[in-house]
Amino acid sequence: MTETRQPPHTPETQQAPHAAPQAPQPRPGPFDLPAATHSYLVRAAASLQEAMATSEVPLRYACAHVSALRATAALLAARATPTLTPRRGRQQKNAWVLLAEVAPELSEWASFFAAGAAKRAAAEAGSRRAVTEREADDLVRDADRFLGLVEESLGMTRHVPCQEYLPSASGTAAPEHHVGHHVGHHVA
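A short tour of the structure in this document, coming up. (Residues numbered from 1 in each chain as written. Predicted model: local features only at pLDDT ≥ 70, side-chain atom pairs only at ≥ 80, totals over all residues. Heavy atoms only, no water.)

**Quick look at the nonpolar core**
Consideration 1: By size, the foremost hydrophobic cluster in this structure holds 37 residues, and its most contacted members are Leu99, Leu106, Phe113, Phe146 and Val150.
Consideration 2: Of all the secondary structure elements, the ones that give two or more residues to this core are helix H1 (35-53), helix H2 (57-79), helix H3 (95-102), helix H4 (107-115) and helix H6 (133-153).
Consideration 3: Considering every element that reaches this core, the biggest residue donor is H2, with nine residues.
Consideration 4: Not counting chain neighbours up to four residues away, the residues in contact with Phe146 comprise Ala68, Ala71, Thr72, Leu99, Leu106, Trp109 and Phe113. (Core = buried A, V, L, I, M, F, W, Y, C linked by side-chain atoms within 4.5 Å. Buried < 20%, exposed > 50% of the residue type's maximum accessible area, 1.4 Å probe, protein only. Helix = DSSP H or I, 4+ residues; strand = E, 2+ residues; numbered from the N terminus. Contact = heavy atoms within 4.5 Å.)

**What about the side chain of Thr54?**
Consideration 1: Within the secondary structure layout, Thr54 lies in the loop between H1 and H2.
Consideration 2: Judged by its relative accessible area of 10%, Thr54 falls in the buried class.
Consideration 3: Of note is the side chain of Thr54, whose polar atom sits 3.1 Å from the backbone nitrogen of Glu56. (Polar contact = N/O pair within 3.5 Å; in protein donor to acceptor, adjacent residues only side chain to side chain.)

**Section: the packing of aromatic side chains**
Think of a pair of aromatic rings as described by two things: how far the centres are apart, and how the planes are tilted against each other in angle.
Consideration 1: This structure, assessed with the given rule, holds six aromatic pairs.
Consideration 2: Both rings, one in Trp109 and one in Phe113, keep their centres 5.8 Å apart while their planes meet at 25°; by these two values the pair is stacked. Here the residue Trp109 and the residue Phe113 both occupy positions in helix H4, the gap between them amounting to four residues, near one helical turn. As far as burial versus exposure is concerned, Trp109 and Phe113 are alike and both buried. (Phe/Tyr/Trp six-rings, centres within 6.5 Å; stacked < 30°, edge-to-face > 60°.)

**A closer look at the pattern of salt bridges**
Where charged atoms from two side chains of opposite charge approach closely, those side chains can pair.
Consideration 1: Summed over the entire model, instances satisfying the criterion amount to nine salt bridges.
Consideration 2: In this structure, Arg141 engages Asp138 in a salt bridge whose closest nitrogen and oxygen atoms are separated by 2.9 Å. Within this pair, Arg141 and its partner Asp138 are both found in helix H6, separated by three residues, close to a single helical turn.
Consideration 3: Residue classification places Arg141 among the partly exposed positions, given a relative accessible area of 22%.
Consideration 4: The class of Asp138 is partly exposed, set by a relative accessible area of 26%.
Consideration 5: Beyond isolated ion pairs, a larger network of salt bridges with shared partners links Arg60, Glu133 and Asp137. (Salt bridge = Lys/Arg side-chain N within 4 Å of Asp/Glu carboxyl O.)

**Remarks on the packing of H1 against H6**
Consideration 1: Axis separation between H1 and H6 bottoms out at 10 Å; the angle between their running directions is 160°. Relative to H6, H1 is oriented roughly antiparallel. For the crossing formed where H1 meets H6, the hand is left-handed. Only Val140, Ala143, Asp144, Leu147, Val150 and Glu151 of H6 make contact with H1, whose side of the interface consists of Leu41, Ala44, Ala45, Leu48, Ala51 and Met52.
Consideration 2: Grouping the constituent residues of the contact of H1 with H6 by class yields ten nonpolar, no polar and two charged. (Axes fitted to C-alpha atoms, helices over the stretch in contact; angles between N-to-C directions. Parallel < 35°, antiparallel > 145°, perpendicular 65-115°, else oblique. Left-handed = near helix turned anticlockwise from the far one by under 90°. Nonpolar A, V, L, I, M, F, W, Y, C, P; charged D, E, K, R; others polar.)

The values are spatial; any link to function lies outside them.
This is the structure we're talking about:
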């Protein structure tokens, strides 16, 4: 039996367990963010929309995971600072490790999505047994919540959550839902 990782239950109030208290930093407004941040948020919303629109379970899982990855890229584009040390000899870090470093308040989410990376790779490779329909549907909802948290942490208004806009097992398409159409256009 495989172990199922659970997303954090209260991400809005979670703090890194061993993090030292930090002085509050002023949150940037949406107009202070780099263009790359807005671009990644739009792409994250598009991936989430694709996940909700497909009846193919592996594709639904993969698109939801990619949505979370793109939301992470948006946050990294906004918060990460380049280092001046040479890259030689430094170990590369994946997006989930960087997310935990740059946004410790989202470290549980980083661990959660990192744990699903192998399943996403198998789903993208076409494995029909990589994930169950329930896992795919749950990941869509989790990616949707995560995108909202990233938007909020960037000083933006959260998008309208997807609710239950998932395709049914019978293959009928979900009602059209406009997730992310307003990404980057509202001020918190």
